[in-house]
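A closer look at the structure
Residues per chain are reported as follows:
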Amino acid sequence: MTGNPSDLFNHSLTALRFARLANGVSQLHGVVSRALWSKYENICPIISITNAQNWKYWADKQLYKFLEAGDDYGIDDRKKYLKKRAFEIVADQTGKIFHPDIFTIVWARRFAGYKRAGLLTTAEARFNDLMNDIKYPVQIIWAGKPYPVDHPAISEFNQMVHLGKRYKNMAVLIGYELGLSKRLKQAADAWLNNPRVPREASGTSGMTAAMNGAVNFSTNDGWIPEFINHGHNGFVVPMADYNNMVVHEQDEYDLEKLYEILEKEILPLYYENYHTWREVMKNGMRDVRYRFDSNRMAHEYYEMLYKNG
């Protein structure tokens, strides 16, 4: 029935042979999936329907009211309030006092190897310099959960907790559920996302971050190629020839580019030209609202998949 002569049952291949139509959850995921499965016969077509998030649930409506009214003062005041409120959670969990005027980076999602939670910290001297920078001070928050039996991810989380004890401006939070997720997106000036390309099928945390005035700072994976216009509505690591790199070469390249963009573009912009930084934030808020809202996604599933599938 499956046309699979192997003694191992391949669930994905069987599904692709039994289905009339399948979809990837971003344009890039569709491209990668078609390349991955093209060597097999009798599989169904694979299209792309990019994931989305519910704007009505996630977005800070006050930020959007100020955006629509063209009230930059209101946007600044609201974002500062949202940061201050979220930092109460940091203080409650860690005893560390974060400040709303300081540039805040947040990495928060499921801990998994390919998502590389601690990538920035692997350049120890450079990370130490970043955390002790007086000219461009930063605060960094990590949060998320590994799967219960994902021992490498559990170990990485524990390492981050241990590292956080060295720095008063670094926090690792526990209890990552919907409430904390929303607060951390409101706390973030930059939403850090650095999966190993092309391992991230879609990733949606950056969508909800943008809905709360956080600027996406990411490797070019998942939904990001459909969203980020570098320097206009976010910041993205330029693609390299990842197919011809071994893992450590890819990690080294991405790490160097992350620091380069952070040190030479993002931090100077935030501290020396906040007006332009605010425009980047506003562009992200506008661009994410309709293109990556769940209403668009549901409509595409009906029109492109269910009606024709």
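Residues numbered from 1 in each chain as written. Predicted model: local features only at pLDDT ≥ 70, side-chain atom pairs only at ≥ 80, totals over all residues. Heavy atoms only, no water.

1. Topic: the overall build of the chain
- Looking only at helices and strands, the chain has 12 helices and 8 strands in total.
- Relative to its length of 309 residues, the chain is compact, with a C-alpha radius of gyration of 20 Å against a globular reference of 19 Å.
- When burial is assessed residue by residue, the chain has 51% of its 309 residues classed as buried.
- Restricting to contacts in the chain with at least 6 residues of sequence separation, those with at least 24 account for 71%.
- Accessible surface computed for the chain: about 15000 Å², of which carbon and sulfur atoms make up 54%.
- In the chain, 38 positive and 36 negative side-chain charges are present, and the distance between their average locations comes to 5 Å. (Helix = DSSP H or I, 4+ residues; strand = E, 2+ residues; numbered from the N terminus. Rg over C-alpha atoms; globule rule 2.2 N^0.38 Å. Buried < 20%, exposed > 50% of the residue type's maximum accessible area, 1.4 Å probe, protein only. Contact = heavy atoms within 4.5 Å. Areas by Shrake-Rupley, 256 points an atom, 1.4 Å probe, with all protein chains shown as cover. Lys, Arg positive; Asp, Glu negative; His and termini not counted. Charge placed at Lys NZ, Arg CZ, Asp CG, Glu CD.)

2. A word on helix α4 (residues 61-69)
- Listed as buried for α4 are Leu63, Tyr64 and Leu67. What you see down the axis of α4 is that its buried residues fit within an arc of 95 degrees, all on one side. Across from the buried face of α4, at angles greater than 90 degrees, the exposed residues are Lys65 and Ala69. (Arc of directions from axis to C-beta.)

3. A word on the layout of surface pockets
- The computed volume of the largest pocket comes to approximately 330 Å³.
- Elements that contribute at least two residues to the lining of the largest pocket include exactly α8 (178-187) and α9 (205-210).
- Per element, the largest residue contribution to the lining of the largest pocket is 3 residues, and it comes from α8.
- A breakdown of the residues in the lining of the largest pocket according to their chemical character gives 5 nonpolar, 8 polar and 7 charged.
- Of the pockets and cavities examined, the second largest pocket occupies roughly 240 Å³.
- Looking at the lining of the second largest pocket, the element that brings in the most residues is helix α7 (residues 151-164), giving 4 residues. (1 Å grid on protein atoms, 1.4 Å probe; cavity = no way out; pocket = protein on both sides within 12 Å on 5 of 7 lines; lining within 4 Å. Points joined across faces, edges and corners; volume = space filled by probe spheres on them. Nonpolar A, V, L, I, M, F, W, Y, C, P; charged D, E, K, R; others polar.)

4. Considerations on unusual backbone geometry
- For the bond running from Val197 to Pro198, omega is 0 degrees, close enough to zero to count as cis.
- Here Pro198 is to be found in the loop between β6 (190-193) and α9.
- The phi angle at Asn42 is positive, at roughly 60 degrees, despite the residue not being glycine.
- Mapped onto the elements of the fold, Asn42 is located in the loop between α2 (27-37) and β2 (46-48).
- You can call Asn42 exposed: its relative accessible area is 65%.

5. Re empty space enclosed by the protein
- Within this structure, the stated rule accounts for 1 cavity of 30 Å³ or more.
- As for the largest cavity, its lining consists of Ala210, Ala214, Val215, Asn216, Phe227, Asn233, Val280, Met281, Gly284 and Met285.
- Looking at the lining of the largest cavity, the elements that each hand over two or more residues are β7 (215-218) and α11 (274-291).
- Ranked by the residues each element gives to the lining of the largest cavity, the list is headed by α11, at 4 residues.
- Its residues assigned to classes, the lining of the largest cavity shows 7 nonpolar, 3 polar and no charged.

6. Structural notes on the packing of aromatic side chains
- Scanning the entire structure with this criterion turns up 20 aromatic pairs.
- With a centroid separation of 4.9 Å and 65 degrees between ring planes, the pair formed by Phe103 and Tyr270 is classed as edge-to-face. Taken together, the residues Phe103 in strand β3 (residues 103-108) and Tyr270 in helix α10 (residues 247-272) connect sequence positions 167 residues apart.
- You can call Phe103 buried: its relative accessible area is 0%.
- When the centroid spacing of 6.1 Å and the interplanar angle of 10 degrees are considered together, the rings of Phe235 and Trp277 count as stacked. Here Phe235, found in strand β8 (residues 234-236), pairs with Trp277, found in helix α11; they are 42 residues apart in sequence, far enough to count as distant. (Phe/Tyr/Trp six-rings, centres within 6.5 Å; stacked < 30°, edge-to-face > 60°.)

7. Quick word on the sheet that holds strand β5 (residues 170-173)
- Sheet architecture is open: 6 strands sit in the order β5-β4-β3-β6-β7-β8, paired in parallel fashion. A strand with exactly one partner marks an edge of an open sheet, and here the two such strands are β5 and β8. Sheet twist, expressed as the mean angle between neighbouring strand axes with direction ignored, is 20 degrees.
- Summarising the sheet, strand β4 (residues 138-143) and β5 pair through 4 bridges and their orientation is parallel. What sits directly across from Ile140, in β5, is Met170.
- Here α7 sits on the sheet in contact with β4 and β5, set at roughly 145 degrees to β5.
- Against the sheet, α8 contacts β3, β4, β5 and β6, and its axis sits at roughly 150 degrees relative to β3. (Pairing = 2+ DSSP bridges. Axes fitted to C-alpha atoms, helices over the stretch in contact; angles between N-to-C directions.)

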